[in-house]
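Overview (structure and organization)
Below are the chains, spelled out letter by letter.
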Amino acid sequence: MNIAVLTKQVPDLVEGVEIDSTGKAVDPDSIRYILSESDDHALEEAVLLKERTPARVEMFSLDTGEVRDTLCMALAKGADRVVLIRTGLETLPSNHTVAKIFASVLQGLSFDLILTGVRAIDDLDGSLGGLLAGYLNLPYVGLVRKVEMADGTSMAIVQKEYPGGYAAELEVKLPAVLGIQAAEQPPRYVPVSRLRQVMKTAKVEEKETTAPEPETVAVERMFKPEEGMGATMFSGTPEEIASQIVGLFSERRLVR
Amino acid sequence: MGKDIWVVAEHFQGHLNDITLELVAKGRELAQAAEAKLAVVLLGSKVKGLASELAADVVYLVDRPEFREFTPEAYCAALEAALKDAQPRAVLMGSTSVGLDLLSMLSARIACPCLDNCTRLEVRDGRLFATSQIYGGKLFVEVAVPEATTLIAVIPGSFPRPEASAAGRPEVQDIPLPATLPELRIKFRKLIEPPPGDVDITQVPVLVAVGRGIQNPDNLPMAEKLAEVLGGAVCASRPVIDQGWLPLTRQVGKSGMTVKPKLYLAFGISGAPEHWEGMKNSELIVAVNTDPKAPIFGGAHYGAVTDALELIPLLTEEARKASMKKAS
Ligand SMILES: Cc1cc2nc3c(=O)[nH]c(=O)nc-3n(C[C@H](O)[C@H](O)[C@H](O)COP(=O)(O)OP(=O)(O)OC[C@H]3O[C@@H](n4cnc5c(N)ncnc54)[C@H](O)[C@@H]3O)c2cc1C
């Protein structure tokens, strides 16, 4: 069975993001890129599937951010092949464009399962998996939290999340695209020593593509929710804060 | 292109979901501003009766056994067929498990733009604007909705839910579909019920909520102690559940529970839209976070920028003293 994992890098929110001088875009200099969290879960689910059924896992990533380390990490986790897709674009394009790039990369390749994260924090124009499935006319299920193979490699049985802890079990004929919400176990941890070892011999393949005509929606403005907007802030030492918060509870009759 | 506004209805176990009523009310307002019609697409099996609960001008209906349960493929095919000739101004759906699958696939299938994570929709000078949250709620993006038919997924709870009596008498029209659908590649097997939980967090008056900022499971007992003193329970954001530190029944948010306690005390939770949607209606929200720019402070009633791990034991002690004082 062949599994493709499609990934992109997104800004690390821990570092914060700033708006540029046009007021319509994020300042690229304010960003440090990391692997999108749900893409990391997609990779984990692929590796888990490979541990249960003979499979080959290939991970593809667009070239925004420091992708090489992420791809080496994927090899250390169990991917068989990693491919860096050169787009020549400086910033991450819209998801419509990303989906078209991946659709052209996958053309002529044969995969039973195409996994990607269900959503990334910078998604504005839909999610990659659904768009790609639409372009390739493949079945798609998003918010997937579990994947099992059935009937050899011709079918997958997946759990799709609903609110309130419910899920639907669906049967999906392969090939198919799945938007992974959470892998069955948290993404595995790779010790730095192991990563270093892998990096010595890692082969990151590169593939050149020409980005299609960009497809974007016209942003009028970008803005931040005002800092602390709404909330009345308590300040002082932690002891002082604790006593103010409990004071509030007493006032609201929330103390038993 | 037409001016009509469409809403894709969602229902679960025979009832319309709140998001649908919210979108119908918003859709009404937008359609009125454009002197256009509001249409709702209702897909399912034995759902015709739900049409009378929809305050729309038209309900486009598919009432067939194959549509009894949601599958992205069949629903997408029906919507594709319905949208082909109609070309409304905008199609509103929920940014939900159902809507998210449809949004992107339809957008690619019928080559029309789409927007996700929308929290505001308004008409200004005759133009339609949408505002979406990105980066976990850290930024808002305002977009002039493109002139082509645009698909828009709205975060549940963004618009007020109308009073129950607002329903109308929509004209009901069947969506023309082939007598037999082409062989479907996705089949529904069964609904999986939530695992039985020890506490029902939707019924507890005080919730001590922990997020990724709690850092490791060894810090959970201190949150539990505080919950005990306050007569509440511990709940969590998604990363805590995904790590397996707490069971699924304790998750608050889009894929978890929707809660409305008297007090929601959030520790180390950033306030991403998917979490916010599940607790925004709590009577009193107090957030503690080390990041002064955490989006949760945007909506919380009270906040403090400090280390939750240091604060929780102090709070527990203070609350214990206060309750002893009250008892004496
Ligand atoms: C389709 C979909 C459905 C989802 N459903 C849900 C859902 O049901 N529920 C849900 O919660 N999420 C859901 N999510 C995930 C959501 O997008 C966020 O990723 C998640 O809510 C983030 O959780 P968090 O705030 O705990 O973590 P983070 O966003 O990582 O925030 C951690 C916070 O802790 C703070 N912090 C760190 N250390 C400390 C400290 N010592 N003291 C105080 N503060 C500290 C940090 O400043 C940060 O603000 C869903 C996502 C998708 C795509």
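Definitions and cut-offs
Numbering of residues starts from 1 in each chain and follows the order in which that chain's sequence is written. Here chains are named by letter from A upward and ligands by number from 1 upward, in the order in which they appear as written. Side-chain atom pairs in this predicted model are given and counted only at pLDDT of 80 or more, local residue features only at pLDDT of at least 70, and totals for whole chains, interfaces and linings cover all residues. Note: side-chain values were computed over all heavy atoms of the structure, leaving out hydrogens and water. Segments assigned H or I by DSSP are reported as helices when at least four residues long, segments assigned E as strands when at least two residues long, and all are numbered from the N terminus. Radius of gyration means the value over C-alpha atoms here, while the globule rule gives 2.2 Å times the residue count to the 0.38 power. Throughout this description, buried means an accessible area under 20% of the type-specific maximum (1.4 Å probe, protein chains only), exposed means over 50%, and partly exposed covers the range between. Contact criterion: two residues are considered in contact whenever any of their non-hydrogen atoms come within 4.5 Å of each other. Per-residue and other accessible areas were derived by the Shrake-Rupley procedure at a 1.4 Å probe size, with only the shown protein chains allowed to occlude residues. The charged-residue count follows a simple rule in which Lys and Arg add positive charge and Asp and Glu add negative charge, with His and chain termini not counted at all. Each charge is placed at NZ for Lys, CZ for Arg, CG for Asp and CD for Glu. Near, as used in this document, describes a residue that has one of its heavy atoms within 4 Å of the molecule or strand being considered. Polar contacts here mean pairs of N or O atoms no more than 3.5 Å apart (in protein, one a potential hydrogen donor and the other a potential acceptor; neighbouring residues in sequence count only if both atoms are side-chain atoms). When DSSP finds two or more bridges between two strands, those strands count as paired. In this analysis an axis means a line fitted to C-alpha atoms, helices contributing only their contacting stretch, and an angle means the value between N-to-C directions, from 0 to 180 degrees. Either an automatic procedure or a domain database provided the assignment from which the domain bounds are taken. Accessible area that two parts lose when put together, evaluated with a 1.4 Å probe and summed over both, is termed the buried area. Throughout this description, the term salt bridge denotes a Lys or Arg side-chain nitrogen within 4 Å of a carboxyl oxygen of Asp or Glu. Side-chain classes follow a simple rule in which Ala, Val, Leu, Ile, Met, Phe, Trp, Tyr, Cys and Pro form the nonpolar group, Asp, Glu, Lys and Arg form the charged group, and the remainder, Gly included, forms the polar group.

Across its full length, chain B carries eight helices and 17 strands. Taken over the C-alpha trace, chain B has a radius of gyration of 22 Å; the compact-globule value for 328 residues is 20 Å, and the two agree within 12%. If one aligns the C-alpha atoms of chain B with their principal axes, the spans along those axes are about 70 × 50 × 35 Å. Burial status across chain B gives 58% buried among its 328 residues. For chain B, the share of sequence-separated contacts (at least 6 apart) that also reach a separation of at least 24 residues comes to 63%. Accessible surface, chain B as shown: approximately 13400 Å² in total, 49% of it carbon and sulfur. Between the averaged position of the 34 positive side-chain charges in chain B and that of its 39 negative side-chain charges there is a distance of 1 Å.

Quick look at helix H2 (residues 67-77) of chain A now. Residues and elements named next belong to chain A. Counting buried residues in H2 gives eight out of eleven residues, a clear majority hidden from the surface. Three or more residues of H2 are buried, namely Val67, Thr70, Leu71, Cys72, Ala74, Leu75, Ala76 and Lys77. Gly78 occupies a position one or two residues after H2 and carries a positive phi of about 135°.

So, on to the site of the ligand. In the neighbourhood of the ligand, 28 residues make up the surrounding shell, with Ser237, Val252, Ser270, Glu274 and Asn289 of chain B lying closest. More than one chain reaches the ligand: its neighbouring residues belong to chains A and B. Within the side chain of Gln215 of chain B, an N or O atom sits 3.4 Å from a nitrogen atom of the ligand. Between an oxygen atom of the ligand and a side-chain N or O atom of Asn289 of chain B, the distance comes to 2.7 Å.

A few words now on the side chain of Asn289 of chain B. Residues and elements named next belong to chain B. Of note, Asn289 is situated in strand E16 (residues 285-289). Overall, Asn289 belongs to the buried group, its relative accessible area being 8%. In this structure the side chain of Asn289 is engaged in a polar contact, spanning 3.2 Å, whose partner is the backbone oxygen of Ile269. When sequence neighbours within four positions are dropped, the list of residues in contact with Asn289 reads Gly268, Ile269, Ser270, Ala294, Phe297, Ala304, Val305 and Thr306.

Next up on the list: the environment of Thr20 of chain B. All names here are of chain B. Tracing the sequence through the fold places Thr20 in helix H1 (residues 18-33). Spatially, the C-alpha atoms of Thr20 and Ala31 are 16 Å apart, while their sequence positions differ by eleven residues. Leave out the neighbours within four places in its chain, and Thr20 touches Val7, Val8, Ala9, Glu10 and Leu54. Reaching out from Thr20, the side chain makes a polar contact with the backbone nitrogen of Glu10 at a distance of 2.8 Å.

Further remarks concern the sheet that holds strand E7 (residues 114-124) of chain B. Strand pairing in a sheet relies on backbone hydrogen bonds, with the paired strands running either antiparallel or parallel. The mixed open sheet is built from ten strands, whose spatial order is E12(A)-E9(B)-E8(B)-E7(B)-E10(B)-E6(B)-E1(B)-E4(B)-E5(B)-E11(B). Unpaired on one side and paired on the other, strand E12 (219-223) of chain A together with strand E11 (171-174) of chain B mark the two borders of the sheet. Sheet twist, expressed as the mean angle between neighbouring strand axes with direction ignored, is 30°. Both strand E6 (residues 90-94) of chain B and strand E10 (residues 150-154) of chain B contribute to a ladder of five bridges, which runs parallel. The residue bridging Gly94 of chain B from the neighbouring strand is Val154 of chain B, located in E10 of chain B.

What follows deals with the domain arrangement of chain B. All names here are of chain B. Annotation of chain B at the domain level lists domain 1 (5-174) and domain 2 (201-327). The straight-line distance from the C-alpha centre of domain 1 to that of domain 2 is 33 Å. Between domain 1 and domain 2, the buried area comes to about 690 Å², and carbon and sulfur atoms account for 53% of it. When the buried surface of domain 1 facing domain 2 is broken down by residue, Gly136, Lys138 and Pro156 rank first, second and third, together holding 47% of it. Our count for the domain 1 to domain 2 interface comes out at one salt bridge.

The next thing to look at is the pairing of E6 of chain B. All names here are of chain B. The buried count for E6 comes to five of five residues, which makes it a mostly enclosed element. Of the two faces of E6, both are covered, the one formed by Ala90, Leu92 and Gly94 as well as the one formed by Val91 and Met93. Direction of pairing for strand E1 (residues 5-8) relative to E6: parallel, over a ladder of three bridges. Bridged to Ile5 within E6 is Ala90.

Residue and element names in this part refer to chain B. Taken across its eight residues, strand E8 (residues 127-134) has seven buried, putting it largely inside the fold. For E7 and E8, the ladder comprises six bridges, and the chain directions are antiparallel. Counted as the bridge partner of Val123 is Leu128 from E8. What sits between the antiparallel neighbours E7 and E8 is a turn of two residues, in which Asp125 has the positive phi angle 50°.

Our focus in this paragraph is the interface of chain B and chain A. The interface of chain B with chain A comprises 92 residues on the first partner and 80 residues on the second. Interface area, chain B with chain A, both sides summed: about 7700 Å², of which 61% is carbon and sulfur. Among the residues chain B hides against chain A, the three largest losses belong to Tyr135, Arg185 and Arg189 of chain B. Together they make up 10% of the total. One can count eleven salt bridges joining chain B with chain A. Counting every contact that joins chain B to chain A gives 37 residue pairs in polar contact (both at pLDDT 80 or more). Sort the elements by how many residues they give to the side of chain B that touches chain A and helix H3 (residues 97-109) of chain B lands first, with ten residues. Looking at side-chain class alone, the side of chain B that touches chain A contains 47 nonpolar, 21 polar and 24 charged residues.

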